[in-house]
Amino acid sequence: MSKRNATAAVIGAGDFIGSEIAKKFAAEGFSIFAGRRNGDKLAPLVKDIEAAGGEIHARSLDARKEEEVISFLDDADKHAPLEVCIFNVGANVNFPILDTTERVFRKVWEMACYSGFLAGREAARLMLPRGGGKIFFTGATASLRGGSGFAAFASAKFGLRAVAQAMARELGPKNIHVAHLIIDSGVDTEWVRQRRLEALGPNALDNPDLLMPPSAVADSYWQLYQQPKSAWTFEMEIRPFGEKW
């Protein structure tokens, strides 16, 4: 693979979507800085990327803590110029409104909205002096629609979308591409499979094409990265062909 003198930071490098994003950008020659709450869980990702000839720096990162986000992105930028920052922290919980405690509501907002603001702001601080970069945010169906039981999650995702949109309008003219990717689908993870079986019965997984492979999300981010500045997308929605919407 051809190496770039550039870093891609993945904040929220979980076992599925985040890891696939990291692997995709590593395969395209980027040095990867991957962060998640428990950095020890990044060991399989490190092994996969290094086995493929890529470079990755894995860290424990609490994305809700300003000083940790600043340090993480500063270190990434010092290694090689930060060209891409992808915020992929999840916080998908479902609680009836009367069971949604103050603590749950606040923590979901911290994870899905506030931490995205921190990541976007600090990435922009590093990119603006160079006059370019990419800042991408992972959204969900709840970014556009508040479903039953999702008051906390949807409000946080609505907020993250607003942060991204405001940033895109401010930073686009300064050659920084800010985009929001809405995943309107169940993503093919063990957790989602179990949820579908519980909700829809034993035949829920008969059609595998109704769940989105995490690698398809990574490919969509790569498509956003490749867009020419004369035709930037702010918001991309992706869903399997069979998804009702």
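As recorded by an unreviewed UniProt entry, the protein chain carries the name Blr2605 protein and is attributed to Bradyrhizobium diazoefficiens.

Caption draft 1: Broad picture of the overall build of the protein chain. Tallying secondary structure elements over the protein chain gives 7 helices and 7 strands in all. Ordered by position in the sequence, the α and β elements of the protein chain form the string β-α-β-α-β-α-β-α-β-α-β-α-α-β. In terms of overall dimensions, the protein chain has a C-alpha envelope of 50 × 40 × 35 Å along the principal axes. Residues classed as buried in the protein chain amount to 48% of the 245 residues present. A fraction of 73% describes how many contacts in the protein chain between residues 6 or more apart in sequence connect residues 24 or more apart. When the 30 positive and 30 negative side-chain charges of the protein chain are each reduced to one mean point, those points stand 3 Å apart.

Caption draft 2: Layout of the packing of helix H1 (residues 17-27) against helix H2 (residues 43-51). Taken N-terminus to C-terminus, the directions of H1 and H2 make an angle of 20°; their axes are 10 Å apart at the nearest point. The orientation of H1 relative to H2 falls into the category roughly parallel. Every pair of crossing elements has a handedness; the one defined by H1 and H2 is right-handed. Between H1, through Ser19, Ala22, Lys23 and Ala26, and H2, the contact on the second element is made entirely by Leu45, Asp48 and Ile49.

Caption draft 3: Summary view of the environment of Arg196. For Arg196, the location among the structural elements is in helix H6 (residues 190-200). Considered as a pair, Arg196 and Gly186 are 10 residues apart in the sequence and their alpha carbons are 8.8 Å apart. The residues touching Arg196, leaving out its near neighbours within four places in the chain, are Gly201, Ala204, Leu205, Leu210 and Leu211.

Caption draft 4: Molecular detail of H1. Regarding H1, the residues found buried are Ile17, Gly18, Ser19, Ile21, Ala22, Phe25 and Ala26. Looking at the packing, one finds that the buried side of H1 touches strand S1 (7-11), strand S2 (31-36), H2, strand S4 (82-87), strand S6 (176-183) and helix H7 (214-226). Gly29 sits one or two residues past H1 and shows a positive phi near 100°.

Caption draft 5: Structural detail: the pairing of S1. Among the 5 residues in S1, 5 count as buried, and that is most of the element. A two-sided burial pattern is seen for S1, the buried positions comprising Thr7, Ala9 and Ile11 on one face and Ala8 and Val10 on the other. Taken together, S1, H1 and S2 form a β-α-β motif whose crossover is right-handed. Alignment of S1 against S4, held across 5 bridges, turns out to be parallel. Paired with Ala9 across the bridge in S4 is Cys85.

Caption draft 6: Molecular detail of the side chain of Gln227. Residue position: Gln227 is located in the loop between H7 and strand S7 (235-238). On the accessibility criterion, Gln227 (16% relative accessible area) is buried. With residues near it in sequence (within four places) discarded, Gln227 still touches Lys134, His177, Trp232 and Thr233.

Rules used throughout
Residues numbered from 1 in each chain as written. Predicted model: local features only at pLDDT ≥ 70, side-chain atom pairs only at ≥ 80, totals over all residues. Heavy atoms only, no water. Helix = DSSP H or I, 4+ residues; strand = E, 2+ residues; numbered from the N terminus. Buried < 20%, exposed > 50% of the residue type's maximum accessible area, 1.4 Å probe, protein only. Contact = heavy atoms within 4.5 Å. Lys, Arg positive; Asp, Glu negative; His and termini not counted. Charge placed at Lys NZ, Arg CZ, Asp CG, Glu CD. Axes fitted to C-alpha atoms, helices over the stretch in contact; angles between N-to-C directions. Parallel < 35°, antiparallel > 145°, perpendicular 65-115°, else oblique. Left-handed = near helix turned anticlockwise from the far one by under 90°. Right-handed = clockwise from strand over helix to strand, strands pointing away. Pairing = 2+ DSSP bridges.

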